[in-house]
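Notes for the structure review
Here are the chains, one letter per residue:
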Amino acid sequence: MEKASQVSRSGRFSQTTAEDLIDFSESISFDWRLWRQDIVGSMAHARMLQKIGVLTKKNLTDILKGLEEIGDEIERGDFQWDRNLEDVHMNIESALTARVPAGAKIHTARSRNDQIALDMRMWLRDETVAVIAEIRELQSQLVQLGKRSFPTPIPGYTHLQRAQPVPFAHHLLAYTEMLDRDTARFADSFNRLNVCPLGSGALAGSTVRSKREIVAKELGFVDADGNPRISQNSMDAVSDRDFIVEFLSTAALTAVHLSRLSEDIILWSSAEFGFITIDDAYTTGSSLMPQKKNPDLAELTRGKSGRVIGNLVSILTLLKGLPMTYNRDLQEDKERLFDTADTIRASLRITAAMLAHTNINAEVCQAAAEDPSLLATDLADYLVKLGIPFREAHHIVGAVVALAEEKKRALNKLTLGDLKSVDSRFKRDALTVFSLIRGLQERKTPGSPGLQEVKRQLKEWRTRLSHEQNSTADNWIITRFPADRSPPSRFPVVLPHP
Ligand code: ARG
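What counts as what
Residues numbered from 1 in each chain as written. Predicted model: local features only at pLDDT ≥ 70, side-chain atom pairs only at ≥ 80, totals over all residues. Heavy atoms only, no water. Axes fitted to C-alpha atoms, helices over the stretch in contact; angles between N-to-C directions. Helix = DSSP H or I, 4+ residues; strand = E, 2+ residues; numbered from the N terminus. Parallel < 35°, antiparallel > 145°, perpendicular 65-115°, else oblique. Left-handed = near helix turned anticlockwise from the far one by under 90°. Nonpolar A, V, L, I, M, F, W, Y, C, P; charged D, E, K, R; others polar. Salt bridge = Lys/Arg side-chain N within 4 Å of Asp/Glu carboxyl O. Buried < 20%, exposed > 50% of the residue type's maximum accessible area, 1.4 Å probe, protein only. Near = heavy atom within 4 Å. Polar contact = N/O pair within 3.5 Å; in protein donor to acceptor, adjacent residues only side chain to side chain. Areas by Shrake-Rupley, 256 points an atom, 1.4 Å probe, with all protein chains shown as cover. Core = buried A, V, L, I, M, F, W, Y, C linked by side-chain atoms within 4.5 Å. Contact = heavy atoms within 4.5 Å. pLDDT = per-residue confidence, 0-100. Phe/Tyr/Trp six-rings, centres within 6.5 Å; stacked < 30°, edge-to-face > 60°. Pairing = 2+ DSSP bridges. Patch = residues over 30% accessible without salt bridge, like charges linked within 9 Å, V, L, I, M, F, W, Y side chains within 5 Å.

Viewed as axis vectors pointing N to C, helix α7 (residues 112-149) and helix α8 (residues 168-193) meet at an angle of 165°, and their least axial separation amounts to 9 Å. Taken together, the axis directions place α7 and α8 in an arrangement best described as roughly antiparallel. Classified by chirality, the crossing of α8 by α7 is left-handed. Considered class by class, the residues forming the contact of α7 with α8 number 19 nonpolar, 6 polar and 6 charged.

Here the structure, examined in full by the defined rule, presents 35 salt bridges. For Arg99, the salt bridge goes to Glu69, with nearest N and O atoms at 3.6 Å. Here Arg99, found in helix α6 (residues 88-99), pairs with Glu69, found in helix α5 (residues 57-76); they are 30 residues apart in sequence, far enough to count as distant. According to the relative accessible area criterion, Arg99 is partly exposed, its value standing at 33%. Exposure remark for Glu69: the relative accessible area of 33% places this residue in the partly exposed category. Linked through salt bridges whose partners overlap, the residues forming this network are Lys65, Glu69, Glu73 and Arg99.

Take the site of the ligand next. All residues adjacent to the ligand are Ser27, Asp87, His89, Arg112, Asn113, Ile116, Tyr326, Gln331 and Lys334. Side-chain polar atom of Asn113 to a nitrogen atom of the ligand: 2.9 Å apart, as the coordinates give it. Between the ligand and Lys334, the relevant distance is 2.7 Å, taken from an oxygen atom to a side-chain nitrogen or oxygen of the residue. For the ligand, whose free accessible area comes to 340 Å², the fraction covered by protein is 87%. Considering each element in turn, the shell around the ligand owes the most residues, 3 residues, to α7.

Bringing the nonpolar core into the picture now. Ile39, Ile63, Phe168 and Phe275 are the most contacted members of the largest nonpolar core, which totals 89 residues. Of the residues forming this core, the biggest block, 13 residues, is contributed by helix α11 (residues 242-268). Among residues more than four places away in sequence, those in contact with Phe168 are Ser149, Thr152, Pro153, Ile154, Trp268, Phe275, Ile276, Ile360 and Cys365. If you look at the next biggest cluster of nonpolar residues, it comprises 19 residues, including Leu379, Tyr382, Ala404 and Val433.

With that settled, the discussion passes to the confidence of the model for the protein. When pLDDT is averaged along the protein, the result is 92, and 93% of the positions lie at 70 or above. Confidence over residues 489-498 falls short of pLDDT 50; this stretch has 24 contacts with residues more than four positions distant or in other chains.

What follows deals with the packing of aromatic side chains. Evaluation of the coordinates by the stated rule reveals 7 aromatic pairs. On the numbers, 6.3 Å between centres and 10° between planes, the contact of Tyr382 with Phe426 is stacked. Of the two residues, Tyr382 is situated in helix α15 (residues 376-385) and Phe426 in the loop between α17 (416-422) and α18 (436-442); the sequence distance between them amounts to 44 residues. Judged on exposure class, the residue Tyr382 and its partner Phe426 are both buried. Within the aromatic cluster, the residues linked to one another by ring pairs are Tyr157, Phe273 and Phe275.

The next subject is the environment of Val308. With respect to the element layout, Val308 can be found in helix α12 (residues 296-320). Along the chain, Val308 and Ser424 lie 116 residues apart, while their C-alpha atoms are 59 Å from each other. In this view, Val308 contacts Ala251, Ala252, Ala255, Thr340 and Thr343; residues no more than four positions away in its chain are not counted.

Turning our attention to the pairing of strand β1 (residues 153-158). Relative to strand β2 (residues 161-167), β1 runs antiparallel, the two sharing 6 bridges. The residue of β2 that forms the bridge with Tyr157 is Arg162. Taking the residues that link successive antiparallel strands as the turn, the β1-β2 hairpin has 2 residues, and the phi of His159 there is positive, at about 55°.

With that settled, the discussion passes to a nonpolar patch on the surface. Side chains of Leu203, Met235 and Met324 sit close together on the surface and give an oily, nonpolar patch of about 270 Å² of accessible area. Counting through the fold element by element, Met235 comes out in helix α10 (residues 234-239).

Right, dumping it as C-alpha cells:
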C-alpha cells in the first residue's frame, strides 16, 4: 500500500519522507479510537456526494459496502493499522480505495481538517452523554448511602473543627448538589458541541456545491425541532477547539468535586474519625504493615484530579498562540481529551462502586455529634427568641462556654444556676437546647440540615434520579456502527433544576 506520507505528497514532492518524521508525526497510535465516527461520517458524506452527482449510485453502494467491511474488520480486531498512513482518516481512506476504486472520490469537498473536527465532535457527544449518566449513578449512590444512614448525625465542620451537628445524609447531599451543577455544565456544552463542521474543507469550503445540511441531519447534528445545525464560518470551524476546552474544564471541576469527596472519605475512614467502613474489596493492604487497610481508591481519585486539571491547562496553552486556521499543533488535543474522558469516567465509576460498598458506623457518628458544645449556637438562638440581640447573645454564650471550661464540665452539665450566674434572663427550659434531636428537628428552613427537610430532599432526589436512570446512556449513543438504530433526535438528559 502506498505510504500515507506518499498519499498526501504524491505529485508535489520528489523525496520520500524521513523515517523520523513518521515517528514524530503519526497519530494513528491514538486517533484510531475515532474509527467509528470516521466511518459513519464518511458514509454520510458519500450519500450526500451521490445526491449532488459526484458519485454514481453504484459508486455509493460500493463505497458503503467497503466502509462497512472495514468497520467490521476493525471491530473484530483484524484491521491492519499502518503508522506510515499517519492517521485514522488516511488509514480508512486508503483501505477503502484499495478495495473500491470509487473510494478515490470520497475526499471530494472535504479535508482532513474538517474531518477531524467532525470526528472529535461526534466522539465527544457520546462521551458527554456517558459522563452525565455516570454522574447520575454516583449521585444515586450518595442518595442511597444517605438513606441508609438516616437519621444518624455527624458533626459538620468548618476549618476542619467541629462546628454544628448535621445528619450524615445532609453532608452527602452536598455532593449530590455539586455534581448536579456539573451535569448542567456538561449538558449546556453539548449545545455548542452539537454543530456540524463538515463541508468547511481545509479552511475555505469547496467550489463543489456540497449539501452540508443533509450530512448534518444524518449525523444527528440537529436542534430540538430536528433542524440541521451547521457551523457558519469555515475558518472558525476547522480551528475551533472550544468544545474540547469546555469539556476539559467541566471535567476538571468535576474532578475537583470528586477529589474533595475522596478527601472526606479518607478522613471518615481513618481511626481518628471512624465514621465509615469501606468493604475490604474496595480497600488495599500494606506490603509491610499487616494491620493496614488503606482507602487507595479514594486517594487515587484525589490524585488523578491533578492530571485532569493539567489536561485543561495543556490545551489552553496549546491554543493560545495559534494563528488562524488549522495548525498541526491541534493534533496534540486528542491524547489530552482522551485521557480526561477516560480518567473522569473511571473516577466516577469507582467512587460510585466504593460508596455502594461503604457502611456508616452509626454509633461512632452519633457519639461525635453528641458533643454539646456543637449546640452552643442554638443556645444563642434561644436567647434571640427571648428578644436579646444576636451579638449580645453570642457574647453571653461565650461567657457560658468559658464558665464550663473553668468548671471542667460539659456545656449540658451546667446547672440553671450556672447559666443564671452569667445572665439572669436564662429560664428553666434553657438546658433543653442541648437535646441533639431537638436541635435537628428545629431546623426547618429550606436547605437546612433539619430532619424533615433532609428526609424530603432524599425523597426528591430518589424520584428524580430514578426517572433519569430509566434512560441509560446506552440508549442514547448517537453514533452507532453498524447503524442498527437511528440516532435520538433530542438531547437525552433532563436538565438539572437551577
Ligand atoms: N491527524 C490530524 C489531527 O489530528 C488530522 C488533520 C490533519 N490535517 C492536515 N492538514 N495535516 O489534527
